[in-house]
Amino acid sequence: GTTDVVLGAFWRQPLAAIPASWFAQVQVQSPVDERDGFAPGTSLGVDVGLRYQWTEALAPMVQLNLLARGRDSGAQADARDSGLRSVSLSPGIAWSLTRDTQLYGFLQIPIRQSVNGTQLVPAVALTIGLSTRF
């Protein structure tokens, strides 16, 4: 594990005509050191999506996810077989448990993936989470 700097921003805006909102997020993660001769590549993620408030508790969502990850570095890195670029479509749903807490899930479906060298990449990915604000 390296120490990384993570910078991100999130924007959400309601849509006037329907009970929905759109959102955008950008995040950069970059290592500031290496450990045992290894440092992961810097990554940039951009997400844009739409959330529809179907009922008071349920909100279907859809996101477009863009990810670019640079090659790993250091004496122990396999730089030729690291780094990627991907575009994914992620339908999902959120269930509000309370006013400030929600359970959510996304199925991330790759539309386009480009990897350097030989790498294992998932055919699909499932994300389930719990979020709260305070």
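Everything quoted here is computed from the prediction, not taken from an experiment.

Novice: Tell me about the side chain of S88, residues and numbers included.
Specialist: Relative to the helices and strands, S88 resides in strand β5 (residues 84–96). The class of S88 is buried, set by a relative accessible area of 4%. Ignoring anything within four residues of it in the chain, the contact list for S88 reads Q63, L64, N65, Q108, I109, P110 and I111.

Novice: How would you sum up the sheet that holds strand β3 (residues 43–52)? Please name residues and give values.
Specialist: Read from one edge to the other, the open sheet built from seven strands follows the order β1-β2-β3-β4-β5-β6-β7, with strand pairing classed as antiparallel. The two strands at the open ends of the sheet, each matched to only one other strand, are β1 (4–15) and β7 (125–132). Strand-to-strand twist of the sheet, defined as the mean angle between neighbouring strand axes without regard to direction, takes the value 20°. In this structure, strand β4 (residues 58–69) lies alongside β5, joined through twelve bridges in antiparallel fashion. By the bridge assignment, R69 is partnered in β5 with L84.

Conventions adopted
- Residues numbered from 1 in each chain as written.
- Predicted model: local features only at pLDDT ≥ 70, side-chain atom pairs only at ≥ 80, totals over all residues.
- Heavy atoms only, no water.
- Helix = DSSP H or I, 4+ residues; strand = E, 2+ residues; numbered from the N terminus.
- Buried < 20%, exposed > 50% of the residue type's maximum accessible area, 1.4 Å probe, protein only.
- Contact = heavy atoms within 4.5 Å.
- Pairing = 2+ DSSP bridges.
- Axes fitted to C-alpha atoms, helices over the stretch in contact; angles between N-to-C directions.

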